[in-house]
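Residue strings, one per chain:
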Amino acid sequence: RIGSTDCILSMLSNHESSESLSVLPTTSEDYTIYKKRWAHVAMFSFISFSNAITWITFSSIFYQVTQFYDQSSLAINFLSLVFLICYVPLFLPASWILDIWGLRPGAILIGGIFTSIGAWIRVLGYKPSLFFVLLIGQIICACAQPFILNAQPMVAANWFPAGERTIATTIITASNAVGSAAGIFIPSLIVSNTTCTNETTCSDGKIMGMDQIPFLLFLEAVFCTVWAVIGLIFFSSKPPTPPSAAAEMAGKEVLAFKESVYSSLRQTGELFLDINFLFLTAAFGITMGMFNIHSKITSLCFKKKLSVLTTELLFFSTLIP
């Protein structure tokens, strides 16, 4: 997904940080490495996981949702597309807020809590006539996404020494992809492959169609809320003392509002003048485009009643490169 570019940028920044560390008169023994750093990776990974679920919820049950809400294919596709649309205008403000306010206010209070709020608003759209409520919930979850994806490298930078940042960022980034896979797999198990919407039992004996989709939305809302609350209680923006010289220097760098906005715009402009960054952007843009278009392939697979395993293999094939 789009957030994978942040992972690459973090790896590049880690490389620069390691170079800068070589000229600092400090050693790793001067810094404390906290064991709870892995707990923070786990908490953040599940928050990212939960946001990914809300993004892709309706992919594998596309035709059932279309019939349930009596909407066009375009309207149902927009439930997923809104995440990509909202990311474009929000990724720079999200990055600025994360830089100024920190991980806990930006990623947990805005990212995690807004994902939970959006998930519960989706639950309120449990009737076919309340599709607009469902859409509002999706938009709120979509607005939370940039605060989660853009924070992925910050968790590693704030909590981990230079030698562990890459693996920490990789774990967090992978959690979003695994959440997308779960968001395809789980709805297909809960919502019947038949598209009955009447008040009688479906032909395959599962829960009647009128109950399946609201029940799915409820389960996802509970899951999102549990991890948002855990993050709200236990997650910290940074450890009591920095784990590295780079983290210590970053903590001392506080810019005024105008200065920080100018710095963000200047750095963004410099990136787009870097040929290496442009090559990375093109490569990941193509890869992530293939990744995102899979949601449409999934709906076609389930229309043809291909097995869940076959569909999951198609999904993970986009992750192999």
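Quick caveat: nothing in here was measured; it's all calculated off a predicted structure. (Residues numbered from 1 in each chain as written. Predicted model: local features only at pLDDT ≥ 70, side-chain atom pairs only at ≥ 80, totals over all residues. Heavy atoms only, no water.)

### Focus: the nonpolar core
Here's step 1: Core analysis: the biggest nonpolar cluster contains 20 residues, and Phe58, Val65, Tyr69, Phe131, Leu134, Ile213 and Leu217 have the highest contact counts within it.
Here's step 2: Of all the secondary structure elements, the ones that give two or more residues to this core are helix H3 (62-69), helix H4 (73-101), helix H5 (103-124), helix H6 (131-149) and helix H9 (209-234).
Here's step 3: When residues in this core are grouped by element, the largest group, 5 residues, is from H9.
Here's step 4: Once residues within four sequence positions are removed from consideration, Phe131 is found in contact with Tyr69, Gln71, Ala75, Ile76 and Leu79.
Here's step 5: Phe44, Val155, Ala156 and Phe160 belong to the second-largest nonpolar core, a separate cluster that totals 19 residues. (Core = buried A, V, L, I, M, F, W, Y, C linked by side-chain atoms within 4.5 Å. Buried < 20%, exposed > 50% of the residue type's maximum accessible area, 1.4 Å probe, protein only. Helix = DSSP H or I, 4+ residues; strand = E, 2+ residues; numbered from the N terminus. Contact = heavy atoms within 4.5 Å.)

### Looking at unusual backbone geometry
Here's step 1: With phi around 55°, Asp70 is a residue other than glycine that occupies positive phi space.
Here's step 2: Position of Asp70 relative to the elements: it lies in the loop between H3 and H4.
Here's step 3: Under the relative-accessibility criterion, Asp70 is labelled exposed at 67%.

### Points about H4
Here's step 1: Helix length check: H4, at 29 residues, gives a terminal C-alpha distance of 40 Å against a target of 42 Å (1.5 Å per residue), a fit within 8%.
Here's step 2: For H4, the full list of buried residues reads Ala75, Ile76, Leu79, Ser80, Val82, Phe83, Cys86, Tyr87, Ala94, Trp96, Ile97 and Leu98.
Here's step 3: One or two positions beyond H4, positive phi appears at Gly102, with a value near 105°. (Expected span 1.5 Å × (residues − 1).)

### A closer look at the pattern of salt bridges
Here's step 1: By the definition in use, this model includes 2 salt bridges.
Here's step 2: Between Glu164 and Arg37 there is a salt bridge, with its nearest N and O atoms 2.9 Å apart. Of the two residues, Glu164 is situated in the loop between helix H7 (152-159) and helix H8 (165-190) and Arg37 in helix H2 (residues 37-56); the sequence distance between them amounts to 127 residues. (Salt bridge = Lys/Arg side-chain N within 4 Å of Asp/Glu carboxyl O.)

### Details of the state of the cysteines
Here's step 1: As enumerated under the stated definition, the model contains 0 disulfides in all.
Here's step 2: Here Cys86 is not disulfide-linked; the sulfur of Cys143 is the nearest cysteine sulfur, at 4.2 Å.
Here's step 3: You can see Cys141 has no disulfide; the closest cysteine sulfur is in Cys224, sitting 6.5 Å from it.
Here's step 4: For Cys141, a relative accessible area of 0% translates into the label buried. (Disulfide = S-S within 2.5 Å.)

### Comments concerning the confidence of the model for the protein chain
Here's step 1: Of the residues in the protein chain, 69% have a pLDDT of 70 or more, and the chain-wide mean is 78.
Here's step 2: The model gives residues 11-28 a pLDDT under 50, and that stretch makes 13 contacts with residues more than four places away or in other chains.
Here's step 3: Low pLDDT, under 50, characterises residues 197-201; the predicted model gives this stretch 9 contacts beyond four residues in sequence or across chains. (pLDDT = per-residue confidence, 0-100.)

### Comments concerning the packing of H2 against H7
Here's step 1: Here H2 crosses H7 at 170°, and the two axes come no closer than 10 Å. Classified by the angle between their axes, H2 and H7 sit roughly antiparallel to one another. Here H2 contributes Arg37, His40, Val41, Phe44 and Ser48 to the contact with H7, which in turn contributes Gln152, Val155 and Trp159. (Axes fitted to C-alpha atoms, helices over the stretch in contact; angles between N-to-C directions. Parallel < 35°, antiparallel > 145°, perpendicular 65-115°, else oblique.)

### Re the packing of aromatic side chains
Here's step 1: All chains considered together, the criterion is met by 10 aromatic pairs.
Here's step 2: Measuring from centroid to centroid gives 4.8 Å for Trp38 and Phe160, while their planes differ by 75°, and the two rings are edge-to-face. Separated by 122 residues along the polypeptide, Trp38 in helix H2 and Phe160 in the loop between H7 and H8 bring together distant segments of the chain.
Here's step 3: Given a relative accessible area of 36%, Trp38 falls into the partly exposed group.
Here's step 4: When the ring of Tyr87 is compared with that of Phe91, the centres are 5.9 Å apart and the planes differ by 5°; the resulting orientation is stacked. Of this pair, Tyr87 and Phe91 both sit in helix H4, separated by 4 residues, roughly a single helical turn.
Here's step 5: Among the aromatic residues, ring-to-ring pairing joins Phe46, Phe49, Phe223 and Trp227 into one connected group. (Phe/Tyr/Trp six-rings, centres within 6.5 Å; stacked < 30°, edge-to-face > 60°.)

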